[in-house]
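# Fold and contact review
Here are the chains, one letter per residue:
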Amino acid sequence: MLHLLNYIGGQLLPPRAGRYLDNVDPATGQVYSLIPDSDADDVQQAVAAAEAAFPAWRALPAEQRGRLLVRISELIERDLERLAQAESVDNGKPIKLARTVDIPRAASNFAFFGTAAGHFASESHLQEGVALNYTVRHPLGVVGCISPWNLPLYLFTWKIAPALAAGNCVVAKPSEITPMTAYLLSELCMEAGLPAGVLNIVHGTGPGAGQAIVEHPAVKAISFTGGTATGAHIARTAAPMFKKLSLELGGKNPNIVFADCDFEAAVATSVQSSFANQGQICLCGSRIFVERPIYERFKAAFLERVAGLTVGDPLAEESRQGALVSEPHLQKVLGYIDLAQQEGGRLLAGGQRVHLQGRCAGGYFLQPTVFEGLSPECRVNREEIFGPVVTLTPFDTDDEVLGWANNTDYGLAATVWTRDLQRAHRVGQQLHAGVVWVNTWLLRDLRTPFGGMKNSGVGREGGVEALRFFTEPQNVCIKL
Ligand code: NAD
């Protein structure tokens, strides 16, 4: 069986204590590789390697650092198909999604931040005849990047690329549930000629390797994407050590459909925003609010399309819904389906585990599920389910829907469908969400600030925000 290895100091190494964790293929339920169950010793070795690499890495001209990142991007593109297959097997996502979204985006992350140094101006403040102030942005040193299982290589590289571009050295931990593409990335970094110790990838659990990264005194910042409870735990550990923290956490996003929308586009994209990656994207719109005049028509068209979503082997080209990531996660989502029924929801579609034949007989498949008739106050409409379960609710006025949309502890993303420009601006700006899409969903420009309000997180990623997070600003004042 394949044993994954840590990437430390430019080498692929087994865990020092020799312990491994099972890595399960969610489409089959079978263990198909083993991953290092790293501990504080492995993290210490990685931090030491990063510290040793830092002086030379920060001294390298930004353009040269950038060239290495662009080279990694090119190698990801070269290996797109292999990486897409690996992501699909590891996570259960349809191969088409991995091929068109996850892996291309991972390549873009390196290309974008690899060339960033040439795109952003540095700041200076002139007080005429008095002083010139300019801002130097120093790299922090060694930083920690910790990522979740839903978009494995995509989110891992979204952190690593800006951290490296800004001149830091990185100790990174992918989710122990989906470690494979991070392992393959370590091979590509070696091939690209990334200097030893600049990026270190330590595999293992959150309480084990993850906690050791967060606690390590030499790790100056933590960039974390994952669940809100984990984010709170990380903040409790890191804040008293005065570490910089970027926390990208959960969501419970509203999708608001006004009667004047482009109906076909709203229906088609709402199916995607509900069920892409089996609903396991933090940006999925799991609460669909539809203006009453088109509610019944929207419901019928939406359900018709949902019925056409083929649940199947993630590696099959025709599959539109793959497996959920793990048995415990499937059970959690099924628990919410039960809760929706207890809370008075009417099941309009799905609701059942899917048992496939053949290769995928042991996989964690679930029908795309739609409820209506649930109060916006109920738990199903307030808690993050992170699976293929959405609710439909009619509304009558802008104020009513805004109140419901904002009625959760989360504030990550929102979608608004309308042809009325003024309403789009008015409603969009009143939504408690860090990211608002109007007449689209998941359309991303990597220069824009990305992140959530309320319990969806602290700080923003993307573009100059990410480069700022990974640097320490210093003001130099020169008297004129
Ligand atoms: P998780 O919080 O369980 O794990 C995320 C990562 O943190 C994993 O690598 C895990 O090993 C690690 N971890 C766990 N405990 C830790 C600890 N004590 N110290 C350090 N690291 C620790 O989340 P998950 O289940 O992998 O991912 C799903 C969650 O991620 C959902 O809530 C989803 O909304 C959220 N998410 C948010 C965004 C965003 O951009 N806001 C993007 C994707 C996913």
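Residues numbered from 1 in each chain as written. Predicted model: local features only at pLDDT ≥ 70, side-chain atom pairs only at ≥ 80, totals over all residues.

- Within an unreviewed UniProt entry, the label attached to the chain reads Aldehyde dehydrogenase, and the organism entered is Hymenobacter koreensis.
- Quoted verbatim from the Sequence similarities (unreviewed entry) field of the UniProt record, the comment on the chain reads "Belongs to the aldehyde dehydrogenase family." (UniProt positions renumbered as here; feature names shortened; annotations may be inferred.)

### Thoughts on the overall build of the chain
- Along the backbone of the chain there are 14 helices and 25 strands.
- For 480 residues, the compact-globule estimate of 2.2 N^0.38 gives 23 Å, and the C-alpha radius of gyration of the chain, at 23 Å, lies within 12% of that figure.
- Here the C-alpha coordinates of the chain stretch approximately 65 × 65 × 40 Å along the principal axes.
- Within the chain, the fraction of its 480 residues that count as buried is 52%.
- Across the chain, contacts joining residues at least 24 apart in sequence account for 72% of those joining residues at least 6 apart. (Helix = DSSP H or I, 4+ residues; strand = E, 2+ residues; numbered from the N terminus. Rg over C-alpha atoms; globule rule 2.2 N^0.38 Å. Buried ≥ 20, exposed ≤ 12 C-beta atoms within 10 Å, placed from the backbone. Contact = placed C-beta atoms within 7 Å.)

### Quick word on the site of the ligand
- Around the ligand, the surrounding shell holds 32 residues, and the nearest of these are Pro148, Gly206, Gly210, Gly226 and Thr230.
- Elements that contribute at least two residues to the shell around the ligand include exactly α7 (206–215) and α8 (228–238).
- With five residues, α7 is the single largest residue contributor to the shell around the ligand.
- In terms of residue class, the shell around the ligand is built from 11 nonpolar, 17 polar and four charged.
- Shared between two domains, the shell around the ligand takes at least three residues from each, and those domains are domain 1 (2–249 + 456–479) and domain 2 (253–445). (Near = placed C-beta within 6 Å. Nonpolar A, V, L, I, M, F, W, Y, C, P; charged D, E, K, R; others polar. Domains from an automatic or database assignment.)

### Quick word on the UniProt feature "domain: Aldehyde dehydrogenase" (unreviewed entry) in the chain
- The positions UniProt marks with the feature "domain: Aldehyde dehydrogenase" (unreviewed entry) are residues 19–476.
- As annotated, residues 19–476 has a helix share of 40% and a strand share of 22%, and its two end C-alpha atoms lie 49 Å apart.

### So, the UniProt feature "active site" (unreviewed entry) in the chain
- Within the UniProt annotation, "active site" (unreviewed entry) is assigned to Glu248.
- Positionally, Glu248 belongs in strand β12 (residues 244–248).
- With 27 C-beta atoms counted inside 10 Å, the residue Glu248 sits in the buried group.
- Beyond its immediate sequence surroundings of up to four residues, Glu248 is in contact with Phe224, Thr225, Gly451, Gly452, Gly457 and Glu461.

### Details of the sheet that holds strand β7 (residues 131–139)
- Ordered by their spatial adjacency, three strands build an open sheet running β6-β7-β25, and the pairing between neighbours is antiparallel. Of all strands in the sheet, those bounded by a partner on one side alone are β6 (124–127) and β25 (471–479). Each strand axis lies, on average, 20° off the axis of its neighbour in the sheet, ignoring direction.
- Two strands pair when backbone bridges link them, and β6 and β7 are joined in this way by four bridges, in the antiparallel orientation. Bridge pairing links Gln127 to Ala131 in β7. (Pairing = 2+ DSSP bridges. Axes fitted to C-alpha atoms, helices over the stretch in contact; angles between N-to-C directions.)

### Regarding the environment of Leu164
- Relative to the helices and strands, Leu164 is located in helix α5 (residues 152–165).
- Taking the C-beta count within 10 Å as the criterion, Leu164 has 29 such neighbours and is therefore assigned buried.
- For Leu164 and Val142, which are 22 residues apart along the polypeptide, the C-alpha to C-alpha distance reads 9.9 Å.

### Some details on the domain arrangement of the chain
- In terms of domain boundaries, the chain breaks down into domain 1 (2–249 + 456–479) and domain 2 (253–445).
- Put simply, the middle of domain 1 and the middle of domain 2, counted by C-alpha atoms, are 30 Å apart.
- The greatest single-element share of the side of domain 1 that touches domain 2, amounting to three residues, is contributed by helix α4 (residues 95–114).
- Of the residues contributing to the side of domain 1 that touches domain 2, the split by class is nine nonpolar, eight polar and two charged.

### Describing the packing of α5 against helix α6 (residues 180–192)
- Viewed as axis vectors pointing N to C, α5 and α6 meet at an angle of 50°, and their least axial separation amounts to 8 Å. Considering the angle they form, α5 stands oblique to α6. Where α5 crosses over α6, the two elements pack in a sense that is right-handed. Along the contact surface, α5 presents Pro152, Leu153 and Phe156, while α6 presents Thr181, Ala182 and Leu185. (Parallel < 35°, antiparallel > 145°, perpendicular 65-115°, else oblique. Left-handed = near helix turned anticlockwise from the far one by under 90°.)

### Remarks on the pairing of strand β13 (residues 253–257)
- Of all the five residues making up β13, five are buried; the element is thus mostly covered by neighbouring parts of the structure.
- Direction of pairing for β13 relative to strand β14 (residues 285–291): parallel, over a ladder of five bridges. Bridging across to β14, Pro254 finds its partner in Arg287.
- Sheet topology places β13 next to strand β21 (residues 413–417); three bridges connect them, and they run parallel. Each bridged residue has a counterpart across the sheet, and for Val257 the counterpart in β21 is Trp417.

### A few points about the sheet that holds strand β5 (residues 30–36)
- Taken together, the three strands give an open sheet; going across it, the order is β1-β5-β4, and neighbouring strands pair in mixed fashion. Two strands bound the open sheet, and with one partner strand each, they are β1 (2–3) and β4 (20–25).
- The sheet contact formed by β4 and β5 spans six bridges and is antiparallel. What sits directly across from Asp25, in β5, is Gln30.

### A closer look at the nonpolar core
- By size, the foremost hydrophobic cluster in this structure holds 144 residues, and its most contacted members are Ala50, Val170, Val171 and Val257.
- It is α4 that contributes the most residues to this core, 11 residues altogether.
- Per-domain counts for this core show at least three residues from each of domain 1 (2–249 + 456–479) and domain 2 (253–445).
- With residues up to four places along the chain from it excluded, the contact list for Ala50 reads Val142, Cys169, Val170, Val171, Gly197 and Asn200. (Core = buried A, V, L, I, M, F, W, Y, C linked by C-beta atoms within 7 Å.)

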